[in-house]
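# Architecture at a glance
So you can see what is in the structure, the chains are spelled out below.
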Amino acid sequence: MKMWRFQNLLILLCTAFSRLPQTASVIQVFGYEGRDVKISCSYSWWFTSTEKYFCKEDCGYKDVLITAKQQRKNRYSISDDENKRIFTVTISDLKLDDTGTYWCGVSKEGPDRYTEVKLKVIKDSCCDKVTQIQGDEGGSVSIRCPYESKKKNVLKYVCRGKQPSTCLQRALITSDRQTKRFRFTDDRKSRTFTITIYNLTLEDFGSYLCGVQSDSGLDDFSAVELEVKEFCRVKSSIIRGIVGRPVTFQCSHPPQLRDKEKFFCKGDQLNNCTDMMANPTKFRLHQLSSSCFSVTITELEAGDAGRYYCGPDSQRSFTDYTRIQLEVDVPLIYILPTVLVLLLILTLVLLMFLRKKSKKLQVGDVMKSVGRDAETRINDVSQ
């Protein structure tokens, strides 16, 4: 009786083990949500002509997702390279709940041969921490990307956007490929690689990812947000000032011309205007930023009104300049004394005129009186 029970137990155990997948190895695979992932499964040469399939969970009949004969089914496709003895399964449009355990199956006599696949699906976005940097239009900016010490010799790259899944394909520059506007340097002591972008434009504004290649298939990323500041390009403006007070102009230029000698002149045309910087006491220049400087007229005079030009490069060979029309107002306190003087002069002139007129009238009256007396005397003599 006992012997019969033992034999039945062995049969049950053998049956149970025969239903379990016979694993050869474990494949770790990572994929991004919404993207595709490829899973390559190798097999021995004596299984070249046998059936291959891809399954999940217990790999029962209902768990088979696709077979080599089907080639394509729903989000799964399969191809078999018999020369390399590798069949490849592609899962399209990955979902987060696709994460789990799968099996590459190869049919054979007795229990099939299986390769375990661990798939992890992560969101196609990065990152929790974002480094904010700024640059000036026309200038340059450096993006610094840290990495682990064990990643010194692997491929490094930078791309635009926030999606890690396609970052390498969209890379602006890599550690083995340079471009004109982008320069790659790697400081292995500080474990930081740097991407320098030259001749910044406003279109360079946005998100960037630093990528470091990993053997796991899931590269390491860090995120950077770049802000590009437009330089203070005041191409034409009208400024009003008051006599006796200071007034300040802002003059723009591309950042790369910051070290050029500046010009500030007055005239109707740029090509024949008069240099005003010869009087540094009255005209004072200050560099406000890498793309803007100011000129202050310390004490305005009425004669300072007119058109001015300012910009980089005293030779005026660049088209980036600012044209300013200055209008000068004279306060009442300056006009009043002049008005009073004019009124006084007019009053004096009027008094002199009236006085002369009065004298003429008096002389006329005397002459008329003398004439009447003479006429009377003549009449008396005649009588």
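Note that this is a predicted model, so its numbers are computed, not measured.

### A few points about the overall build of the protein
When helices and strands are tallied, the protein shows 2 helices and 25 strands. Within the protein, contacts between residues at least 6 apart in sequence are counted, and of these 63% link residues at least 24 apart.

### As for the state of the cysteines
Per the counting criterion, the structure on display carries 7 disulfides. Across a sulfur-sulfur distance of 2.0 Å, Cys145 and Cys210 are joined as a disulfide pair. With the S-S dihedral at roughly -45°, the linkage between Cys145 and Cys210 falls on the left-handed side. Within this pair, whereas Cys145 is found in strand β11 (residues 141-146), its partner Cys210 is found in strand β16 (residues 206-212), the two being separated by 65 residues in sequence. A residue is classified by how much of its surface remains accessible, and Cys210, at 2% relative accessible area, is buried.

### Considering the sheet that holds strand β24 (residues 306-312)
Pairing within the open sheet is mixed, and its 5 strands lie in the order β18-β25-β24-β20-β21. Only two strands of the sheet have a single neighbouring strand rather than two, namely β18 (236-242) and β21 (274-275). Pairing analysis gives 7 bridges linking β18 to strand β25 (residues 322-329), with the strands arranged parallel. Considered in β25, the bridge of Ile238 is made with Gln325.

### Considerations on the layout of surface pockets
Considered as a void within the structure, the largest pocket measures approximately 440 Å³ in volume. Lining of the largest pocket is provided by 21 residues; of these, Tyr32, Pro164, Ser165, Gln169 and Gly217 occupy positions nearest its centre. For the lining of the largest pocket, the element with the highest residue contribution is strand β1 (residues 22-32), accounting for 5 residues.

### Considering the side chain of Asp304
Relative to the helices and strands, Asp304 resides in the loop between β23 (292-297) and β24. Note on Asp304: relative accessible area 6%, which makes it buried. Of note is the side chain of Asp304, whose polar atom sits 2.7 Å from the backbone nitrogen of Glu301. For Asp304, the contacting residues outside a window of four places in its chain are Lys266, Lys282, Ile297, Glu299, Leu326 and Val328.

### Section: the pairing of strand β17 (residues 220-229)
Regular strands place side chains that alternate from one sheet face to the opposite one. Alignment of strand β10 (residues 130-136) against β17, held across 7 bridges, turns out to be parallel. Bridge pairing links Gln132 to Glu225 in β17. Direction of pairing for β16 relative to β17: antiparallel, over a ladder of 7 bridges. In the strand pairing of β17, Tyr208 is matched with Val224.

### Here's the deal with the nonpolar core
If you look at the biggest cluster of nonpolar residues, it comprises 21 residues, and the most contacted ones within it are Ile39, Phe54, Phe87, Ile91, Cys104, Val117 and Leu119. Within the residue set of this core, elements represented by two or more residues are β2 (37-42), β4 (64-67), β6 (76-81), β7 (86-91), β8 (100-106) and β9 (113-122). For Leu119, the residues in contact, after removing those within four places along its chain, are Val29, Gly31, Val37, Ile91, Leu94, Asp98, Thr99, Gly100 and Tyr102. Among the nonpolar cores identified, the runner-up in size contains 19 residues, and Ile143, Ile173, Leu200 and Leu226 belong to it.

### Some thoughts on the environment of Thr196
Inspection of the secondary structure puts Thr196 in strand β15 (residues 192-197). With a relative accessible area of 8%, Thr196 lands in the buried category. For Thr196 and Val141, which are 55 residues apart along the polypeptide, the C-alpha to C-alpha distance reads 5.6 Å. Excluding residues within four positions of it along the chain, Thr196 makes contact with Ser140, Val141, Ser142, Arg181, Phe182 and Arg183. A distance of 3.2 Å separates polar atoms of two side chains, one belonging to Thr196 and the other to Ser142.

### Let's talk about the sheet that holds β6
Pairing is antiparallel across the open sheet formed by 4 strands, whose spatial order is β2-β7-β6-β5. On the outer flanks of this sheet lie β2 and β5 (72-73), each paired with one strand and no other. With 6 bridges connecting them, β6 and β7 associate as antiparallel partners. Opposite Ile78, over in β7, you have Val89 as the bridge partner.

### Observations concerning the side chain of Thr296
Inspection of the secondary structure assignment puts Thr296 in strand β23. Among the polar contacts made by the side chain of Thr296, one reaches the side chain of Thr248 at a distance of 3.0 Å. With sequence-adjacent residues up to four places away left out, Thr296 is seen in contact with Pro246, Val247, Thr248, Lys282, Phe283 and Arg284.

Definitions and limits used
- Residues numbered from 1 in each chain as written.
- Predicted model: local features only at pLDDT ≥ 70, side-chain atom pairs only at ≥ 80, totals over all residues.
- Heavy atoms only, no water.
- Helix = DSSP H or I, 4+ residues; strand = E, 2+ residues; numbered from the N terminus.
- Contact = heavy atoms within 4.5 Å.
- Disulfide = S-S within 2.5 Å.
- Buried < 20%, exposed > 50% of the residue type's maximum accessible area, 1.4 Å probe, protein only.
- Pairing = 2+ DSSP bridges.
- 1 Å grid on protein atoms, 1.4 Å probe; cavity = no way out; pocket = protein on both sides within 12 Å on 5 of 7 lines; lining within 4 Å.
- Points joined across faces, edges and corners; volume = space filled by probe spheres on them.
- Polar contact = N/O pair within 3.5 Å; in protein donor to acceptor, adjacent residues only side chain to side chain.
- Core = buried A, V, L, I, M, F, W, Y, C linked by side-chain atoms within 4.5 Å.

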